Structure formats: structure tokens, C-alpha cells
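# Residue-level structural notes
For reference, the chains in residue letters:
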Amino acid sequence: MHSLPMVDSVEVLGLLEELKEGRTRALARSITLVESHRASDRVAADVLMDHVNRALVQTDHPTPRGWSMAVTGPPGAGKSTFIDLLGCQALDRGHRVAVLAVDPSSAKSGGSILGDKTRMQRLVTRDQAFVRPSPAGTMLGGTARATQEAMDLCRYAGFDWVLVETVGVGQNEIEVSNLVDWTLLVLLGRSGDELQGIKRGIVEAADTVLINKADGDGLEAALQTCSFYRSALALFPPHPLDGWKVPCLTMSALQETGLEDFWDTLHTLQALPGYEQWLRYKRSEQRVHQYRRKLNQALWAAMGEGRGSELGPTIEDGVRNGHDSPASAVAKTMEALGLPGHRMNQALQKR
Ligand SMILES: Nc1nc2c(ncn2[C@@H]2O[C@H](COP(=O)(O)OP(=O)(O)OP(=O)(O)O)[C@@H](O)[C@H]2O)c(=O)[nH]1
Ligand SMILES: [Mg+2]
């Protein structure tokens, strides 16, 4: 397989066969493989993903297949409840639905993944659904290390709806929006002053804003918040998809109201003339993002394994205590990795 190393590929070939048939057990095993930190698994995972990504690019053209959406927002906003409901409706409409939930608590509790499973009670009992809580592990802006690979595996296994739940308010929303076709920000109704707490960048990364818990005592606050966001969103720069104006909707995931409006916005989106072209663009950017992220991981791994193994922490210490500037530390790192031609090295040596 091109420049990738040869591995005992029996297992990988077996997985690929089963994935193609849409077997969820093979999907779960494949995700475990790409999440693994073991060096031997990394090679097998790369071979697997090489095949999967090539196949996806072929099926992505001319009409990109499938749909991925991140559901982000602060803790307790109702993301899981919403996904449970929306996922079931998507199944009823003939989609195959996969949910990847990044569970931040599992890093601390050593893999307690019950929380999200129990909050998607209906979805987990459905045959056509695949629900996978991933430990946050080495966090990369709120997504697990291998979320993007897991999404690709889901799509390869025939899941045409891939939903990713991430928790947090901050860099997370912005990072996860690079991995998916669509970013949905779920918020709660709040009083005016609290609104200031949501940073502009988070809202800017959203393709749709949903104010949840628009029910009972919370209804009034939800409507007010929604009207605030509608005015605020109108002042934002235009969305990269021509003709799309980021909508703000209200919903009650608990009482199951407001979902029709959500489906309507999806249909409006998919009917836009530039939608398919834009989706192809998004997918190509996702692949570049994956390359950059993997390169980053590979460089760090090389620092740990290769010539830089002892040097890595020493260089960081140098930056920490001010002995090295970040720029000179990069030059040293390049040298430690045996990467050629960093001009700063020469300049530093001359001094
Ligand atoms: N009143 C009301 N409560 C809701 C609604 N949606 C969710 N809840 C409740 O809010 C709580 C949190 O819901 P979750 O769906 O777990 O929220 P989440 O955003 O996934 O939470 P984390 O994953 O912990 O960040 C639960 O007790 C839900 O029953 C809603 O529309 N209205
Ligand atoms: Mg949740």
C-alpha cells in the first residue's frame, strides 16, 4: 500500500470486509484500534485508515455521501437528550445513525462511560444505531485523539449520519468544527448579563444555534435568548456557504418540540444551489486538517521515540525557564529530529 509499511494485514483485511458489510462489532474494534496508543497498533491503524480514506474520497465524488454534525455546547445544555431524539427521527427517515460522544469525565474516572449511554436511552436500543462514547484521552480541543478517524470509519461502514457530541465552551467548539460538515451549538436560555459569558468565536464557529429547554419556566428566557442571538448573528460576517444565514431556533428536547423547525432548516440548507460544492470543499479541508493533525502527532511521537526522546522535555524546560526562545527551541527540535535546513540553527551557531 504505497509508502505505508507492510503489516500482518490479515486482521486489517478482515476488518475492512466486515466494515463494508456495516458490522457494528467490526466498527467498534476498528475504532479501538485507531484510538490505541500501542506502536504496533498504530501501524495497523494507519494501513486501515489509508484504505478507508481512499475509498471515502472515491465515494465522496461527485456527490458527497453522508452527513456529519457536531453537537457542542456547555455542560447540561441537553446535547445528549437532543441527539437521542434527533437520532431516532433520523433512523425513522431511513438514515443509519452513528453517535460519537467524547466523554471528558472518563479521563478522570478511568473510563466511566455510562453517563452518555444512559442519556441516549432510546437510540442505544435501536438496531440501526451505533453509539460510541470515546474517552477524551489526550484532548485535542475537546475531541478525542482519534475522533476524526472514528468518523471516517463510521462513514465507511455505511453510517450516513454521524453525530459528534463534545462538551465545553471554548476552543473545543472551534476545533471540532474542523472535523465535521456542520456545527450545531446548543445553548440555554439565560438572562442578559450571562449572555456576555459566551465568547464570540464560539458562536462564529456555529452553523446553527439552538436554544434548548424552551419549556415550562424556561420558555420565556429561551425566547429572549433566541431573539438576542438572532440580532447578534445578523452582525456576524457572512457564512462561507453562499446564501446561508446562521439561524437560531428554540427547542425542548425533553418535550420534543421545535424539532420540525430543525428539520426544515436542514432541508433549506440542502436545497441551496451551492450546497454540494460547499460540502466537497468542507470534506477536502477536513482531509487537510487530518493530515496536519496526524503530522503533529507523528512529530511528537518521534520526539518520544527517536533521537529527540531525551531532548524533548529538556527543550521544553528551556522554553519554560526562559533559557530558549520558542523560535530557538523549534530550531533545536528540528535538529533533534534530523530535519534538514533550519536556517536559524546556523544563525544561532554563528552568534
Ligand atoms: N426542561 C428541560 N430539561 C432538559 C431538556 N433537555 C435536556 N434536559 C435535561 O437536562 C439535563 C442534562 O441533559 P443532557 O442531555 O444530559 O445534557 P448534555 O448537554 O448532554 O450534558 P453533558 O453531556 O453532561 O454536557 C438532563 O437532566 C435532561 O433531562 C429540555 O429540553 N427541557
Ligand atoms: Mg451529554
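Residues numbered from 1 in each chain as written. Chains lettered and ligands numbered in written order. Predicted model: local features only at pLDDT ≥ 70, side-chain atom pairs only at ≥ 80, totals over all residues. Heavy atoms only, no water.

## Quick notes on the overall build of the protein chain
Looking only at helices and strands, the protein chain features 17 helices and seven strands. Looking at the protein chain residue by residue over its 351 residues, the buried ones come to 47%. Carbon and sulfur atoms provide 54% of the accessible area of the protein chain, an area that totals close to 17800 Å². (Helix = DSSP H or I, 4+ residues; strand = E, 2+ residues; numbered from the N terminus. Buried < 20%, exposed > 50% of the residue type's maximum accessible area, 1.4 Å probe, protein only. Areas by Shrake-Rupley, 256 points an atom, 1.4 Å probe, with all protein chains shown as cover.)

## Examining helix α12 (residues 219–234)
Between its first and last C-alpha, α12 extends 23 Å over 16 residues, near the 22 Å set by a 1.5 Å rise per residue. Every buried residue of α12 is accounted for by Ala-222, Thr-225, Cys-226, Tyr-229, Ala-232 and Leu-233. Each buried residue of α12 sits inside an arc of 130° when the element is viewed along its axis, so together they form one side. Residues of α12 that are exposed and point more than 90 degrees away from the buried face comprise Glu-220 and Ala-234. (Expected span 1.5 Å × (residues − 1). Arc of directions from axis to C-beta.)

## Examining the pattern of salt bridges
Going through the model one piece at a time under the given rule, you end up with 18 salt bridges. In this structure, the salt-bridge partner of Lys-20 is Glu-17, at a minimum N-O distance of 3.8 Å. Here Lys-20 and its partner Glu-17 are both found in helix α1 (residues 10–20), three residues apart, which amounts to about one turn of the helix. Put simply, Arg-23 and Glu-18 hold a salt bridge, and the shortest N to O gap is 3.8 Å. In this structure Arg-23 comes out as partly exposed when scored by relative accessible area, which is 42%. Via salt bridges that share partners, Asp-46, Glu-149, Arg-293 and Lys-294 belong to a single interconnected network. (Salt bridge = Lys/Arg side-chain N within 4 Å of Asp/Glu carboxyl O.)

## Quick word on the pairing of strand β5 (residues 182–188)
Along β5, seven of the seven residues are buried, which leaves the element largely enclosed by surrounding structure. Neither face of β5 is open: one carries Trp-182, Leu-184, Val-186 and Leu-188, the other Thr-183, Leu-185 and Leu-187, and all of them are buried. Both strand β1 (residues 67–72) and β5 contribute to a ladder of four bridges, which runs parallel. Counted as the bridge partner of Val-71 is Leu-184 from β5. Taken together, the five bridges between β5 and strand β6 (residues 208–212) define a ladder with parallel strand orientation. Each residue of the ladder has a partner; that of Leu-184, found in β6, is Thr-208. (Pairing = 2+ DSSP bridges.)

## Focus: the pairing of β6
Within β6, five of the five residues are buried, which leaves the element mostly enclosed by the surrounding structure. In β6, alternate side chains face the same way, and those of Thr-208, Leu-210 and Asn-212 on one face and Val-209 and Ile-211 on the other are all buried. Examined bridge by bridge, β6 and strand β7 (residues 248–250) share three bridges and lie parallel to one another. Bridged to Ile-211 within β7 is Thr-250. In terms of handedness, the path from β6 via α12 over to β7 forms a crossover that is right-handed. (Right-handed = clockwise from strand over helix to strand, strands pointing away.)

## Overview of the nonpolar core
If you look at the biggest cluster of nonpolar residues, it comprises 38 residues, and the most contacted ones within it are Met-69, Phe-82, Leu-86, Leu-123, Trp-161 and Phe-262. Listed by contribution, the elements that provide at least two residues to this core are β1, α4 (79–92), β2 (97–103), β3 (129–135), β4 (161–165), β5, α13 (259–271) and α14 (275–305). For this core, the element with the highest residue contribution is α4, accounting for seven residues. What Leu-123 contacts, discounting residues up to four positions off in sequence, is Ile-83, Asp-84, Gly-87, Cys-88, Leu-91, Val-99, Ala-129 and Val-131. Core analysis: the second largest hydrophobic core is formed by 34 residues, Ile-31, Leu-48, Val-52 and Phe-130 among them. (Core = buried A, V, L, I, M, F, W, Y, C linked by side-chain atoms within 4.5 Å. Contact = heavy atoms within 4.5 Å.)

## Topic: the confidence of the model for the protein chain
Per-residue confidence for the protein chain gives a mean pLDDT of 82; residues scoring 70 or more make up 79%. Confidence, read as mean pLDDT per element, is least for helix α5 (residues 105–109) in the protein chain (44) and greatest for β7 (97). A low-confidence stretch, residues 138–142 stays under pLDDT 50, and its non-local contacts, those more than four residues away or across chains, total ten contacts. (pLDDT = per-residue confidence, 0-100.)

## A look at the site of ligand 1
Inspection of the region around ligand 1 gives 16 residues, with Lys-79, Thr-81, Arg-119, Asp-215 and Ala-253 positioned closest. Here Gly-76 contributes a backbone N or O atom positioned 3.1 Å from an oxygen atom of ligand 1. Within the side chain of Ser-252, an N or O atom sits 3.4 Å from an oxygen atom of ligand 1. Ranked by residues supplied to the shell around ligand 1, first place goes to α4 with three residues. Broken down by class, the residue content of the shell around ligand 1 amounts to five nonpolar, six polar and five charged. (Near = heavy atom within 4 Å. Polar contact = N/O pair within 3.5 Å; in protein donor to acceptor, adjacent residues only side chain to side chain. Nonpolar A, V, L, I, M, F, W, Y, C, P; charged D, E, K, R; others polar.)

## A look at unusual backbone geometry
With a phi angle near 65°, Lys-213 is a residue other than glycine that sits in the positive phi range. Take Lys-213: it is sitting in the loop between β6 and α12. On the basis of relative accessible area, Lys-213 is assigned to the partly exposed category, the value being 38%.

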